[in-house]
Amino acid sequence: MMLRRVPLYYGILHNLKLKAMKRLVILFVILFSVLELQCAKVKRVEPLNWWVGMNNPNLQILVYGDDLSGLTPEISNPEVTLVNTERVDNKNYLFLNLTISPKANAGVFDIKLKRNGKEEETLKYELKSREANSADRLGFNSGDIIYQIFPDRFSNGNVQNDFVKGYPDSTNRLNPNARHGGDIQGIINHLDYISAMGYTAIWVTPVLESNMHSGSYHGYAITDYYKVDPRFGSNQLYRQLSDECKKRGIKLIIDVVLNHSGTEWWLFEDIPSNDWVNNYPDFKMCNFKASTNFDPHRANVDQEGMADGWFASSMPDLNQRNPLLANYLIQNTIWWIEYAGLGGIRSDTHQFPDKYFVSQWGKRILAEYPNFNMVGEVWLESPAMVAYWQKDAPNLDEFNSNLPTVMDFPLTFALPQVFSDENDPTNNLNKLYDHFSQDFLFRNPMNMMIFADNHDMARFYTQISENLLNCKLAMALLLTTRGIPQVYAGSEFLMLGDKKLGDGAMRIDFPGGWTDDNVNAFTQQGLGNDQIDAQNYLKKIQTWRKNNDAVKYGQMKHFYPQNGVYVYFRQSGSQSVMVILNNSKEGKTIETNRFAECLGNRSSGVDVISGATISLLNKIDIQGKTAMIIQLK
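Residues numbered from 1 in each chain as written. Predicted model: local features only at pLDDT ≥ 70, side-chain atom pairs only at ≥ 80, totals over all residues. Heavy atoms only, no water.

Between helix H13 (residues 468-478) and helix H15 (residues 529-545), the least distance of the axes is 11 Å, while the angle of their chain directions is 15°. Taken as axis vectors, H13 and H15 run roughly parallel relative to one another. In this structure, H13 meets H15 at a crossing whose hand is right-handed. On H15, the residues that touch Leu468, Lys472, Met475 and Ala476 of H13 are Asp530, Asp533, Ala534, Tyr537, Leu538 and Ile541. For the contact of H13 with H15, a count of residues per class yields 7 nonpolar, no polar and 3 charged. (Axes fitted to C-alpha atoms, helices over the stretch in contact; angles between N-to-C directions. Helix = DSSP H or I, 4+ residues; strand = E, 2+ residues; numbered from the N terminus. Parallel < 35°, antiparallel > 145°, perpendicular 65-115°, else oblique. Left-handed = near helix turned anticlockwise from the far one by under 90°. Contact = heavy atoms within 4.5 Å. Nonpolar A, V, L, I, M, F, W, Y, C, P; charged D, E, K, R; others polar.)

Here's what the structure looks like:
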């Protein structure tokens, strides 16, 4: 009996143990779940780091995770003071306001998150040393020629990142609205070409993460403001691009988007508060009435419709009147300047955000980097409207944008009309003369970005009906008149692109940027004769311009057009350059005594384009549809 009962006894005991263990497991799971709910799970901390020695000692840190509102942060570093903690409607956020002592050293400090006095999580936050002379960095200026690059359509330097897990909008070159595979490595691979062409700065359209389900190739619907999109590369590769640029004397200009994000932005998906985005949760389209920013007779409802309306249904309009968001965006811009060693900023849709916010944004950046430069996209039709947005403009409402440079869209709109064969060439040139005569409106006419086209408009060569001679005239003007010239990648060899076909179809791939391309514009293989002519033409003028202070920084004096010929001078110290644009199809002879106040006692000069020595005594002959750039002796 005993032999039969022992196994039964042990069997019963075993079953009891199993049941007890199961109960313990269940209890443990319940207990763990409760603890998990109570315990912080920090998912993001932004900015990713900061720097000691900044002009502004204040730093706002966003901490995001599961149910953080009941936590109390503590900092033990004596050189870092936690001023206060701001909590918002969404319990997953904490905003820590710190003050960093000027005596603080670089290093890592702890941010302890406590609940009811008990530490639940410790964050490691790093303060780094700034690079030498960081605050004194020189931004782009009129001495530069900016090359604009649309990275997805420029060059595919790394095919391994064409398809990235978790990023559904992948590469398909057959679809004009899909990604084509261009990336940061592709830009690095062709920096020697860019430098050899005479460009001294590059404006790269946004490369930050845009993890949208479709149409993400342009990068203007950002979903992570601190992360380079892996289909373009990485943060480290972007910084490498900046380093490689510096080796060649090229400044890297970042494209900053302050007005809107993408709908897949993590901060929109789990929004901190309803006032983080304008017209939330409803969608309301912008009225695009930019003049309401300065119209003294505007109705408030119209001004709100401009500032608060969404740019597109996939791009939530950010409410920069929310101080936490405003600080987030400003710190993000400064973070990228410092992290990547940038040489400038292009601000997208600059007149669309709250204008007092962009004023504060500019002021904060210039406080850290007094010699820096930012250019704003102010897509407006008249010089007076554009002038309103330049720093220190004498505006009636006393608004100061703190934006040093503005884009000269009125000049851009005039160029296809001026360099056209349809109307009288003298009347066409008068549009140029009248345009530059309005420079009295601008606080600093030299801080105007001048350009023939960019990624948002039809290619200039398409606009002027593919006329090589007119294209050369326009390029000669842009490279020798006042301002900061910008050339869109591909325009140097007459790339075409018609906006009527849609933005994606207009933004054609740069030939030679992909290994299977039959044409390679980087080497001129397969280019047509006119394309090679245009490319060599720009290269000659641009490489010459790099070493001519008169054209880069000098004063401009122009003479009203006569007989289809426009003449102006650029002068700096002992250097002087005479530019002659003959917009007529016929050759012309101009009498030089009219220009005595600029010529002085100079009797000759060298034409930069032809290399010929030009006599300045009595008269100068110039062929039809030709530019002469004469460096005076």
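Anyway, onward from the coordinates.
Time to look at the packing of aromatic side chains. Within the structure shown, the criterion is met by 46 aromatic pairs. Here Tyr147 and Phe154 contribute two aromatic rings whose centre-to-centre distance is 6.4 Å and whose plane-to-plane angle is 75°, an arrangement assigned as edge-to-face. Note on accessibility: Tyr147 and Phe154 belong to one class, buried. Look at Trp389 and Phe399: their rings are 5.7 Å apart centre to centre, the planes differ by 80°, and that puts the pair in the edge-to-face class. In this pair, Trp389 sits in the loop between helix H9 (383-387) and strand E16 (405-407) while Phe399 sits in the loop between H9 and E16, placing the two residues 10 residues apart along the sequence. Looking at Phe399, the relative accessible area reads 4%, which means it is buried. In this structure an aromatic cluster arises from ring pairing among Trp50, Trp51, Tyr225, Tyr226, Tyr238, Trp265, Tyr328, Trp335, Trp336 and Tyr339. The ring of Phe399 carries the charged tip of Lys355 above its face, separated from the ring centre by 5.0 Å. In this structure, Arg459 is placed above the aromatic ring of Tyr488, and the distance from its NZ or CZ to the ring centre is 3.8 Å. (Phe/Tyr/Trp six-rings, centres within 6.5 Å; stacked < 30°, edge-to-face > 60°. Buried < 20%, exposed > 50% of the residue type's maximum accessible area, 1.4 Å probe, protein only. Lys NZ or Arg CZ within 6 Å of the ring centre and 35° of its normal.)

Here the focus is the sheet that holds strand E17 (residues 448-451). The 8 strands are arranged E9-E10-E13-E14-E15-E16-E17-E18 in a closed barrel whose pairing can be described as parallel. Taken over all neighbouring pairs, the strand axes of this sheet differ in orientation by 25° on average, direction set aside. Seen against the sheet, helix H8 (residues 355-368) touches strand E13 (251-256), strand E14 (344-347) and strand E15 (374-376) and runs at an angle of roughly 165° to E15. (Pairing = 2+ DSSP bridges.)

This part is about the sheet that holds strand E3 (residues 58-65). Read from one edge of the open sheet, 4 strands run E1-E3-E6-E5, paired in antiparallel fashion. Lying at the two open borders of the sheet, with one neighbouring strand each, are strand E1 (42-46) and strand E5 (80-86). Put simply, the sheet's adjacent strands are angled 25° from each other on average, direction ignored. The strands touched by helix H7 (residues 323-340) within the sheet are E1, E3, E5 and strand E6 (93-100), with E3 carrying the most contacts at an inclination of about 105°.

Relative orientation of the contacting elements helix H10 (residues 409-418) and helix H11 (residues 425-437) amounts to 165°, with a least axis distance of 8 Å. Judged by the inter-axis angle, H10 sits roughly antiparallel to H11. H10 and H11 meet at a crossing whose hand is left-handed. Side by side, H10 and H11 meet where Pro410, Leu411, Leu415, Gln417 and Val418 of the first sit next to Asn428, Leu429, Lys431, Leu432, His435 and Phe436 of the second. Of the residues contributing to the contact of H10 with H11, the split by class is 7 nonpolar, 3 polar and 1 charged.

For the rest of this paragraph, the subject is the pattern of salt bridges. One pass over the structure, following the stated rule, counts 36 salt bridges. Here Lys124 and Asp110 are joined by a salt bridge, their closest N and O atoms 2.9 Å apart. Of the two residues, Lys124 is situated in strand E8 (residues 118-128) and Asp110 in strand E7 (residues 107-115); the sequence distance between them amounts to 14 residues. Residue classification places Asp110 among the partly exposed positions, given a relative accessible area of 21%. The shortest N-O distance in the salt bridge between Asp408 and Arg482 comes to 3.0 Å. With a gap of 74 residues between them, Asp408 in the loop between E16 and H10 and Arg482 in the loop between H13 and strand E18 (484-488) connect regions that are remote in the sequence. A single burial state applies to Asp408 and to Arg482, both of which are buried. By sharing partners, the salt bridges in this structure join Arg173, Asp509, Asp516 and Asp517 into a single network. (Salt bridge = Lys/Arg side-chain N within 4 Å of Asp/Glu carboxyl O.)

Before going further, it helps to spend a moment on the nonpolar core. One finds Ile202 and Tyr238 to be the most contacted residues of the largest nonpolar core, which totals 157 residues. Considering each element in turn, this core owes the most residues, 12 residues, to H7. Ranked by size, the runner-up nonpolar core spans 17 residues in total, among them Val565, Ile590, Leu599 and Ile620. (Core = buried A, V, L, I, M, F, W, Y, C linked by side-chain atoms within 4.5 Å.)

On to the environment of Gly605. In this structure, Gly605 sits in strand E23 (residues 604-607). Distance from Gly605 to Leu616, taken between C-alpha atoms, is 7.2 Å for residues 11 residues apart in sequence. Excluding anything up to four places from it in sequence, Gly605 contacts Ala612, Thr613, Ile614, Leu616, Ile630, Gln631, Leu632 and Lys633.

For H7, which comprises 18 residues, the first-to-last C-alpha distance of 26 Å matches the rise-based estimate of 26 Å (1.5 Å per residue) to within 8%. The element H7 is largely enclosed, with a buried count of 17 among its 18 residues. One side-chain oxygen at the N-terminal end of H7 lies 2.9 Å from the backbone nitrogen of Leu324; it belongs to Asn322. Gly341 occupies a position one or two residues after H7 and carries a positive phi of about 65°. (Expected span 1.5 Å × (residues − 1). Polar contact = N/O pair within 3.5 Å; in protein donor to acceptor, adjacent residues only side chain to side chain.)

Below, the discussion takes up the confidence of the model for the chain. Detailed reading of the predicted model is not advised wherever pLDDT is low. Here the chain averages 93 in pLDDT, while 94% of its residues score no lower than 70. Below pLDDT 50 for its whole length, residues 1-39 participates in 7 contacts with residues either more than four positions away or in separate chains. (pLDDT = per-residue confidence, 0-100.)

Here we take up unusual backbone geometry. With an omega of 0°, the peptide bond running from Glu46 to Pro47 counts as cis. Within the secondary structure layout, Pro47 lies in the loop between E1 and strand E2 (50-51). Following Tyr280, the chain continues to Pro281 via a peptide bond in cis, the omega torsion being 5°. By secondary structure assignment, the location of Pro281 is in the loop between helix H5 (266-269) and helix H6 (300-307). Phi angles above zero are rare outside glycine, and Asn563 is one such case at about 55°.

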